[in-house]
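Architecture at a glance
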Amino acid sequence: MLKNNHPNFDKMDELSQQKVPFFFMVDFLVENVLVFTENELKKNSLFIDFQNNTGAPHQQENKTNIQLKSFPESEEVYKKGFDKVLQNLKLGNSYLTNYTCKTEIEINLSLEEIFHRSKAKYKVLYHDQFVCFSPETFVEIIDNEIFTHPMKGTIDASTENAAEVLKNDRKEKAEHYTVVDLLRNDLSMVADEVKVNEFQRMHFIQTNNKDLYAMSSEISGKLKPEFQNKTGSIMKKLLPAGSILGAPKPKTLSIILEAENHKRGFYTGVCGWFDGKNLDSCVMIRFIEKENGKLYFKSGGGITHLSNFADEYKEMKNKIYVPIH
């Protein structure tokens, strides 16, 4: 598994103990750990809009209709990686593997305009490098109680009885159970009295071209004394996030690195805002990155031995959207 020894985890612990507000971002492979105090955010062209913190400047409302075109990789290319994942699942090397792709897109908005106009629980704009509009909480810490909300399973909302179909789908249910079990075990490393408070709740997500239902659960626990006021130590233990990796973590990570034909970077990493007392953080999914003047949307989904190639390819494409309506 990854060696989560980055010195900035110690910096996060120090700032938490001193009750100094800060924002942090950790990439998927836990190689880049960036930490910014409040007054460093703007200096670094980093804008965030979290549910409990708005560090974003106001911008005049732009009413332009969105034109988003995507150019997904072919079924043949997708299938190469998908087959590697499925083969490992059938061999029992993994129970759940999150497989992602990088899709070139064209959109008539800048990254900054996407940041301002999208509606999401968590939004991040970093330089002119990437924008993220994530619906998925990673962990929240409130008065030494830790909560996580793994999100697994989506469906086109126009499907008849969509929420019920999603909740009862055999493959989606297996995927959701696996991730809840994984996250419950992960929380147990830093917390006592870990329990599932809510299972398979539904979220309605409006997008520019179609609406979706997504499924999540809530797990909580009481932080162990040695992890109280130590944000960095907690992240060191919990990362990479299980919901966008899979289970078991070490072997599944090696499968992902072999199957995927792109570097995730900060996509599926984690970022968070510590307000001096409590923490709110998210998984960086729903992600558009600029590379050599072109824009790429990174998306994917969880694969289990029950997964169907056509459905997974469609889900990867369904997740290419901006939440502007």
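The written sequence of each chain sets the order in which its residues are numbered from 1. pLDDT decides what is reported in this predicted model: residues at 70 or higher carry local features, side-chain atom pairs at 80 or more are listed and counted, and totals for whole chains, interfaces and linings draw on all residues regardless. Calculation of side-chain values draws on the structure's entire complement of heavy atoms; hydrogens and water are dropped beforehand.

An unreviewed UniProt entry lists the chain under the name Aminodeoxychorismate synthase component I, from Chryseobacterium gotjawalense.

Side note on the overall build of the chain
Definition in use: Only DSSP runs of H or I covering at least 4 residues are called helices, and only runs of E covering at least 2 are called strands; the numbering of each starts at the N terminus. With C-alpha atoms as the basis for the radius of gyration, the globule rule is written as 2.2 Å multiplied by the number of residues raised to the power 0.38. Exposure classes here rest on a 1.4 Å probe applied to the protein chains alone. A residue is buried below 20% of its type maximum, exposed above 50%, and partly exposed in between. Every accessible area reported is derived by Shrake-Rupley at a probe size of 1.4 Å, with residue values counting cover from the shown protein chains alone. A residue counts as positive if it is Lys or Arg and as negative if it is Asp or Glu; His and the chain ends are not included. For charged residues, the charge sits on one atom: NZ in Lys, CZ in Arg, CG in Asp, CD in Glu.
Of regular secondary structure, the chain possesses nine helices and 18 strands. On C-alpha atoms alone, the chain measures out to a radius of gyration of 19 Å, which is about the 20 Å that the 2.2 N^0.38 rule sets for 325 residues. Considered along the principal axes of its C-alpha atoms, the chain spans approximately 50 × 50 × 35 Å. Burial analysis of the chain (325 residues in total) assigns 54% to the buried set. Of the accessible surface of the chain, which amounts to about 14,400 Å², a share of 44% is contributed by carbon and sulfur atoms. The chain carries 42 positive and 45 negative side-chain charges, and their two centres are separated by 2 Å.

So, the packing of aromatic side chains
Let me state the cut-off plainly: Ring pairs shown here join Phe, Tyr and Trp side chains whose ring centres sit within 6.5 Å, with only the six-membered ring taken for Trp; geometry is labelled stacked below 30 degrees between planes, edge-to-face above 60, and tilted in between. In this analysis the charged atom, NZ for Lys or CZ for Arg, is taken to sit over a ring once it is within 6 Å of the ring centre and within 35 degrees of the ring normal.
Evaluated as defined, the whole model comprises 18 aromatic pairs. The interplanar angle of 35 degrees and the centroid separation of 5.8 Å between the aromatic rings of Phe130 and Phe266 together place this pair among those described as tilted. Residue Phe130 is located in strand S8 (residues 130-134), and its partner Phe266 is located in the loop between helix H8 (249-259) and strand S15 (270-274); the two are separated by 136 residues in the primary sequence. Ring geometry for Tyr267 and Phe287: centres 5.7 Å apart, planes at 55 degrees, overall tilted. Taken together, the residues span a long stretch of sequence, with Tyr267 in the loop between H8 and S15 and Phe287 in strand S17 (residues 287-291) at a distance of 20 residues. Taken together, Tyr78, Phe82, Tyr99, Phe309 and Tyr313 form an aromatic cluster joined through their ring pairs. Between Lys102 and the ring centre of Tyr296, over which it is positioned, the NZ or CZ distance is 4.6 Å. Its end group placed over the ring of Phe28, Arg264 keeps NZ or CZ at 4.2 Å from the ring centre.

Points about the packing of helix H1 (residues 7-17) against helix H7 (residues 231-238)
Definition in use: A fitted line through C-alpha atoms serves as each axis, taken over the contacting stretch for helices, and the angle formed by two N-to-C directions is quoted from 0 to 180°. An angle below 35 degrees is read as roughly parallel, one above 145 as roughly antiparallel, one from 65 to 115 as roughly perpendicular, and any other as oblique. Whether two residues are in contact is decided by their heavy atoms, any of which lying within 4.5 Å being enough. Side-chain classes follow a simple rule in which Ala, Val, Leu, Ile, Met, Phe, Trp, Tyr, Cys and Pro form the nonpolar group, Asp, Glu, Lys and Arg form the charged group, and the remainder, Gly included, forms the polar group.
Following both chains from N to C, one finds H1 and H7 inclined at 140 degrees, their axes separated by 6 Å at the closest point. One way to sum up the angle between H1 and H7 is to call them oblique. Where H1 abuts H7, its residues Phe9, Asp10, Met12, Asp13 and Ser16 lie against Thr231, Gly232, Ser233, Met235 and Lys236. Across the contact of H1 with H7, the residue classes tally to three nonpolar, four polar and three charged.

Focus: helix H3 (residues 75-90)
Applicable threshold: By definition here, a helix of n residues has an expected span of 1.5 Å times n minus one.
Taking 1.5 Å per residue as the helical rise, H3 with its 16 residues ought to reach 22 Å, and the 21 Å between its terminal C-alpha atoms agrees with that figure. Buried residues of H3: Tyr78, Gly81, Phe82, Val85, Leu86, Asn88 and Leu89, and no others.

What to know about the nonpolar core
Here is the rule: The nonpolar core is taken to be a set of buried Ala, Val, Leu, Ile, Met, Phe, Trp, Tyr and Cys residues, with the residues joined through side-chain atoms within 4.5 Å.
Membership of the largest hydrophobic core comes to 57 residues, with the highest contact counts inside it found for Phe23, Met25, Val124, Ile146 and Met235. Per-element accounting of this core gives the leading share, five residues, to strand S1 (residues 22-26). Those residues in contact with Met25, other than ones at most four positions away along the chain, are Asn32, Val33, Leu34, Leu46, Val124, Tyr126, Phe130, Phe266, Val270, Cys271 and Met284. Of all hydrophobic cores here, the second largest spans 29 residues; its members include Phe47, Tyr99, Ile320 and Val322.

Description of the side chain of Arg264
We count it as follows: Counting of polar contacts relies on pairs of N or O atoms within 3.5 Å, with two restrictions inside protein: one atom must be capable of donating a hydrogen and the other of accepting it, and residues adjacent in sequence are counted only when both atoms are side-chain atoms.
Along the polypeptide, Arg264 turns up in the loop between H8 and S15. Arg264 sits in the buried class, given a relative accessible area of 4%. Within the local environment of Arg264, its side chain forms a polar contact with the backbone oxygen of Asn98, the two atoms lying 2.9 Å apart. Arg264 has contacts with Phe28, Asn98, Thr100, Ile244, Ile256 and Lys298, leaving out every residue within four places of it along the chain.

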